[in-house]
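# Survey of secondary and tertiary structure
Chain residues, written in single-letter form:
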Number of protein chains: 2
Amino acid sequence: MTDLEKIPAPRLWLVLARAFHSVAAYIEGSVTAQGLGLSDFMVLEVLLHKGPLTISVIGEKVLLASASMTSAIDRLERHGLVRRRSCSSDRRIRLVELTEDGKIFIEETYARHEKDLERVTEGLSDVERRVMYEGLKKVGLAAKVAVPTERCKSLDGVQNG
Amino acid sequence: MTDLEKIPAPRLWLVLARAFHSVAAYIEGSVTAQGLGLSDFMVLEVLLHKGPLTISVIGEKVLLASASMTSAIDRLERHGLVRRRSCSSDRRIRLVELTEDGKIFIEETYARHEKDLERVTEGLSDVERRVMYEGLKKVGLAAKVAVPTERCKSLDGVQNG
DNA sequence: ATAAGATATCTCGACGTCGAGAAAAGATTC
DNA sequence: GAATCTTTTCTCGACGTCGAGATATCTTAT
């Protein structure tokens with residue numbers, strides 16, 4: 001099975017994308033409650049592990065834009081899982097914190113989530129995990145740093161709309 | 001190297017998700033033309049490398065649902081990059097193929113895309129690539145097979161592949 | 001104190017995606 | 001041939017996400 005060929009970048013990207021999709025779908029199925037999606041779960045998880053945070057800080061951690069964060073927190077607040085608290089020292093800020101219900105929900109859900117993730121990665125040796133971890137970090141960082149790429153003139157005459 | 005601890009599954013998932021997001025954003029920036037997104041690009045890429053295909057087959061390859069495929073092909077057709085062709089042997093089917101413009105566009109874009117991907121993964125050794133590739137395949141497959149978690153009823157047992 | 005700039009959040013409109021279901025054509029069974 | 005599934009694509013409505021811009025507040029320079 002061990003091809004000694006070098007894995008081409010597009011192939012690596014393909015399996016990365018597929019793995020992400022499959023795991024995301026898997027997690028979503030196990031973690032989602034009515035009206036809550038993966039992003040909402042991630043917000044709750046951050047709050048569970050880091051305590052109350054501002055909306056923009058949460059957004060950085062779960063990779064959501066500010067507009068998306070507003071609706072995510074709206075959603076969670078509507079379900080009674082989080083609460084917005086104003087801050088007297090900086091009145092622009094809204095500190096978001098878990099309610100009692102939210103804490104109970106995310107603690108239970110996260111425990112299941114953790115087990116599910118372990119199940120899906122149990123086929124990996126310690127070395128594989130380490131290599132994948134370092135490698136993914138490397139790639140992610142390179143992509144983040146390199147974000148601006150030149151875009152050319154394609155599709156000029158084809159505008160429509 | 002620094003740490004000999006076993007990487008916990010949630011941490012692995014975290015870097016996987018971040019790497020995916022960063023690379024997807026990176027690619028999108030380099031590949032996207034006006035009115036076209038990453039999915040559209042992936043559709044064109046499949047057509048370039050596999051030739052004309054039906055809408056549902058493309059959908060399987062680029063991980064898009066049928067409703068999404070309809071609008072993706074509409075979009076590409078509106079831009080004059082692909083064409084729907086009817087099939088006389090099975091009149092349910094719509095064969096999608098690249099137009100001349102589409103072929104030119106995707107050939108040029110894919111070449112750039114490939115270089116961009118290589119740039120982002122050039123920090124990885126051959127061994128790292130191999131381990132990541134095999135590991136990601138393993139995880140992706142495990143997640144796909146395991147999709148149903150408790151809240152889902154299982155009426156089919158194990159489906160291989 | 002005032003003005004100018006930065007920051008945090010929210011609103012609005014647009015887009016991509018999806019599930020459910022409809023419509024049309026093929027396949028199977030009687 | 002007729003009834004019944006199955007497959008393929010499309011339509012519709014709902015949802016999550018985002019960029020751009022609005023608003024309120026804090027910060028800094030003058």
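Residues numbered from 1 in each chain as written. Chains lettered and ligands numbered in written order. Predicted model: local features only at pLDDT ≥ 70, side-chain atom pairs only at ≥ 80, totals over all residues. Heavy atoms only, no water.

## Quick notes on the packing of helix α6 (residues 126-146) of chain A against helix α1 (residues 9-31) of chain B
- Running from amino to carboxyl end, α6 of chain A crosses α1 of chain B at an angle of 30 degrees, the nearest separation of the two axes being 8 Å. When the axes of α6 of chain A and α1 of chain B are compared, the pair comes out roughly parallel. Crossing handedness for the pair α6 of chain A and α1 of chain B: left-handed. Residue-level contacts link Arg129, Met132, Tyr133, Leu136, Lys137, Val139, Gly140, Ala143, Lys144 and Ala146 of chain A of α6 of chain A to Ala9, Arg11, Leu12, Val15, Leu16, Ala19, Ser22, Val23 and Tyr26 of chain B of α1 of chain B.
- Considered class by class, the residues forming the contact of α6 of chain A with α1 of chain B number 13 nonpolar, two polar and four charged. (Axes fitted to C-alpha atoms, helices over the stretch in contact; angles between N-to-C directions. Helix = DSSP H or I, 4+ residues; strand = E, 2+ residues; numbered from the N terminus. Parallel < 35°, antiparallel > 145°, perpendicular 65-115°, else oblique. Left-handed = near helix turned anticlockwise from the far one by under 90°. Contact = heavy atoms within 4.5 Å. Nonpolar A, V, L, I, M, F, W, Y, C, P; charged D, E, K, R; others polar.)

## Details of a positive patch on the surface
- A cluster of basic residues, Arg11 and Arg18 of chain A together with Lys50, Lys61, Lys137 and Lys144 of chain B, forms a positive patch at the surface.
- Sorting the residues of the positive patch by element identifies α1 (9-31) of chain A together with α6 (126-145) of chain B as the ones contributing at least two each.
- Position of Arg18 of chain A among the secondary structure elements: in helix α1.
- Residue classification places Arg18 of chain A among the partly exposed positions, given a relative accessible area of 31%. (Patch = residues over 30% accessible without salt bridge, like charges linked within 9 Å, V, L, I, M, F, W, Y side chains within 5 Å. Areas by Shrake-Rupley, 256 points an atom, 1.4 Å probe, with all protein chains shown as cover. Salt bridge = Lys/Arg side-chain N within 4 Å of Asp/Glu carboxyl O. Lys, Arg positive; Asp, Glu negative; His and termini not counted. Charge placed at Lys NZ, Arg CZ, Asp CG, Glu CD. Buried < 20%, exposed > 50% of the residue type's maximum accessible area, 1.4 Å probe, protein only.)

## Quick look at the relation of the copies chain B and chain A
- Superposition of chain B onto chain A requires a rotation of 180 degrees combined with a translation of 0.0 Å along the rotation axis, giving an RMSD of 0.1 Å. What the superposition gives is, in effect, a two-fold axis relating one chain to the other. Relative to the rotation axis, the C-alpha of Met132 of chain B is the closest in chain B, positioned 2.6 Å from it.
- An overlap of 87% is found between the interface residues of chain B and their copies at the interface of chain A, pointing to a shared contact surface. (Least-squares fit on C-alpha atoms with pLDDT ≥ 70 in both.)

## Section: the interface of chain B and chain A
- Taken together, the 69 residues of chain B in the interface contact 65 residues of chain A.
- Taken over both partners, the interface formed by chain B and chain A buries close to 6600 Å², and the fraction arising from carbon and sulfur atoms is 71%.
- Between the two partners, chain B and chain A, sit four salt bridges.
- The closest approach of N and O atoms between Lys6 of chain A and Asp126 of chain B, which form a salt bridge, is 4.0 Å.
- Along the contact surface separating chain B from chain A lie 12 residue pairs in polar contact (both at pLDDT 80 or more). (Buried area = accessible area lost by both parts, 1.4 Å probe. Polar contact = N/O pair within 3.5 Å; in protein donor to acceptor, adjacent residues only side chain to side chain.)

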